[in-house]
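Summary of the model geometry
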Amino acid sequence: MRNKSNSFRGSLFGQPLLNVVQNHLISYPTPSNLTGNWNWGVLAGLCLVLQIVTGIFLAMHYTAHVDYAFHSVQHLMRDVPNGWLLRYLHLNGLSLFFIVVYMHLFRGLYYTSYAQPREAVWLIGVIILLLMILTRFIGYVLPWGQMSLWGRTVITSLASAIPLVGTSIVNWLWGGFSVDNPTLNRFYSLHYLLPFILAALSLAHLALLHQYGSTNPLGVSLQTDLVDFYPYFYTKDLVLLIRLSALAMFLVCFYPEILGHTDNNIPANPYSTPAHIVPEWYLLGYYAILRSIPNKLAGVLAMLAVFVSLRLLPWAHKPNTRGPQFRLIHQILRVAVAADYVLLSYLGQCPVEDPYVIIGQILTVGFFGLLALICVLSYLDTMFAMPANNNKKVSLLH
């Protein structure tokens, strides 16, 4: 009787899980014309899993104290078996995570995947990006290197631009009147917690996507031309995963510090300011927008306006046709937005002097101007298309 009850209980709890795997990983209906551009979402999820797993093992050897944090990281690198591999996988895996997410974001922007009825999918995706940046900024502080200390001091000081309560917020973030041990402790706790929130949001993102189905390069409904995810589409994911894994191992084994900053290998010194304080490469575009505006509060608002603009894009831009191959101007504008951000990222690492400041201001205006132009052209396209659609309905009636 005990064996029968155990088997019944196993089938009771195992059946729903098998149904989820069957419906969302094996027989999930996928448009047959999807290209490799639709693989970035899966790779982003795998990168998140890698970050969580390596982060848990790194936390076992980390000491969240200003006197021991840097040395605990060095102990991990030099004395713990394969500790260097864990840290470099975590360090370079995050850079690859941002590369994959940015490619995923640009694909959605280029193919207007944010349009109705997938507004909620896009909205959660933007929240995930913002939370990723926050998680990485908090984690960048933990090694307690020279750039970690001063980067955190500069970024957290931006909250002082908020009228009336800015100074109180900064003191609350620091846990005192300067960056010290309380700051490191609370940042360590948040950095351990936020990835699990990211995982929950990623599951919600995936669930909303599967509710309406994936888009496709043509931008039209393909309800009659669908194939199972397995075995027809997962092979594309597998090929790109192998390539990404090869790139990750190449970076870890040959150039592990190329995407980081050399000053972070120096213990934090609050009495010595680095000559040039810059964030990591994936934050340089936002940093360039921030410093292109002389006023601190306006710069912070402009930086936040990037995420607000992306969140409002599904409601501000409602295209008539979604396939970019049918709209040359659409292709040019989307590529121009991406190129503008790449140039801003380059300027983010340049000194704050002419001509970089002026060029940064021009590119900042151009970035928001291009997004606004995309929405305006979509509105005009819809407005001019309405008479044609109405005439077509009238002719059909006659």
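Computed from a predicted structure; not experimentally measured.

What counts, and where the lines are drawn
Residues numbered from 1 in each chain as written. Predicted model: local features only at pLDDT ≥ 70, side-chain atom pairs only at ≥ 80, totals over all residues. Heavy atoms only, no water. Helix = DSSP H or I, 4+ residues; strand = E, 2+ residues; numbered from the N terminus. Buried < 20%, exposed > 50% of the residue type's maximum accessible area, 1.4 Å probe, protein only. Polar contact = N/O pair within 3.5 Å; in protein donor to acceptor, adjacent residues only side chain to side chain. Contact = heavy atoms within 4.5 Å. Axes fitted to C-alpha atoms, helices over the stretch in contact; angles between N-to-C directions. Parallel < 35°, antiparallel > 145°, perpendicular 65-115°, else oblique. Nonpolar A, V, L, I, M, F, W, Y, C, P; charged D, E, K, R; others polar. Phe/Tyr/Trp six-rings, centres within 6.5 Å; stacked < 30°, edge-to-face > 60°. Lys NZ or Arg CZ within 6 Å of the ring centre and 35° of its normal. UniProt positions renumbered as here; feature names shortened; annotations may be inferred. Core = buried A, V, L, I, M, F, W, Y, C linked by side-chain atoms within 4.5 Å. Domains from an automatic or database assignment.

A word on the side chain of Ser148. Within the fold, Ser148 resides in helix H6 (residues 146-156). For Ser148, a relative accessible area of 0% corresponds to the buried category. Within the structure, the side chain of Ser148 is placed 2.6 Å from the backbone oxygen of Tyr140, a separation counted as a polar contact. Non-local contacts of Ser148, meaning those with residues more than four positions away in its chain, are made with Tyr140, Val141, Pro143 and Asn264.

This part covers the packing of helix H5 (residues 119-141) against H6. At a minimum axis distance of 8 Å, the contact between H5 and H6 shows a crossing angle of 135°. When the axes of H5 and H6 are compared, the pair comes out oblique. When H5 is examined against H6, the residues Phe137, Tyr140 and Val141 are found in contact with a partner set consisting of Met147, Ser148, Gly151, Arg152, Ile155 and Thr156. When its residues are assigned to classes, the contact of H5 with H6 shows five nonpolar, three polar and one charged.

What follows deals with the packing of aromatic side chains. Taken as a whole and assessed by the stated rule, the structure comprises 18 aromatic pairs. Between the aromatic rings of Phe137 and Phe187, the centroid separation amounts to 6.2 Å while the plane-to-plane angle is 65°, which identifies the pairing as edge-to-face. Taken together, the residues span a long stretch of sequence, with Phe137 in helix H5 and Phe187 in helix H8 (residues 181-212) at a distance of 50 residues. The pair formed by Phe137 and Phe187 is uniform in burial state, with each residue classed as buried. Ring pairs connect the aromatic residues Phe98, Tyr102, Trp281, Tyr282, Tyr286, Phe307 and Tyr341, which therefore count as one cluster. For Arg152, the ring lying beneath its charged end belongs to Phe187, and the centroid distance is 5.5 Å.

Further remarks concern the environment of His330. Looking at the element boundaries, His330 is found in helix H13 (residues 328-347). The buried category is assigned to His330, whose relative accessible area is 8%. Placed 47 residues apart in sequence, His330 and Leu377 show a C-alpha to C-alpha distance of 8.9 Å. In this structure the side chain of His330 is engaged in a polar contact, spanning 2.7 Å, whose partner is the backbone oxygen of Tyr110.

Let us look at the UniProt feature "transmembrane region" (unreviewed entry) in the chain. Per the UniProt record, "transmembrane region" (unreviewed entry) is found at residues 38-64, 85-105, 120-142, 154-175, 187-209, 238-258, 297-316 and 358-380. The span residues 120-142 is 96% helix and 0% strand, and its two end C-alpha atoms sit 33 Å from each other. Secondary structure within residues 358-380 divides into 100% helix and 0% strand; the distance between the first and last C-alpha atoms comes to 32 Å.

The next point concerns unusual backbone geometry. Cis geometry marks the peptide bond from Tyr230 to Pro231; its omega dihedral reads 10°. Secondary-structure assignment places Pro231 in helix H9 (residues 229-232). A cis amide bond links Asp354 to the next residue, Pro355, at an omega of 5°. Mapped onto the elements of the fold, Pro355 is located in the loop between H13 and helix H14 (356-397). Its identity is not glycine, yet Leu164 carries a phi of approximately 70°, on the positive side.

This next bit is on the environment of Pro267. By the secondary structure assignment, Pro267 is in the loop between helix H10 (234-254) and helix H11 (284-291). Taking the C-alpha atoms as reference points, Pro267 and Gln146, separated by 121 residues in sequence, lie 5.6 Å from one another. Contact partners of Pro267, with chain neighbours within four places excluded, come to Phe70, Trp144, Gly145 and Gln146.

A few words on the nonpolar core. Nonpolar side chains tend toward joint burial in soluble globular proteins. Residues Phe97, Trp144, Leu184 and Tyr286 are the most contacted members of the largest nonpolar core, which totals 82 residues. Counting residues per element, this core draws most heavily on H5, which supplies 12 residues. If you count residues domain by domain, this core takes at least three from each of domain 1 (28-275) and domain 2 (278-381). Once residues lying within four places of it in the same chain are set aside, the contact partners of Leu184 are Tyr62, Ala64, His65, Val66, Ala69, Val141, Leu142, Trp144 and Arg152. Ranked by size, the runner-up nonpolar core spans seven residues in total, among them Tyr28, Leu34, Trp38 and Phe233.

Take the side chain of Thr215 next. Considering the arrangement of structural elements, one finds Thr215 in the loop between H8 and strand S2 (226-228). By relative accessible area, Thr215 is classed as buried at 10%. One polar contact links Thr215 to Ser113, side chain to side chain, over a distance of 3.2 Å. Not counting residues up to four positions away in its chain, the partners in contact with Thr215 are Pro31, Leu34, Trp38, Arg107, Ser113 and Arg118.

Where H5 meets helix H12 (residues 296-316), the axes come as close as 9 Å, and the angle between the chain directions of the two elements is 170°. Classed by the angle they form, the pair H5 and H12 counts as roughly antiparallel. Two secondary-structure elements touch here, H5 through Glu119, Trp122, Leu123, Val126, Leu129, Leu130 and Ile133 and H12 through Phe307, Leu310, Arg311, Leu313, Pro314 and Trp315. Taken together, the residues that form the contact of H5 with H12 break down as 11 nonpolar, no polar and two charged.

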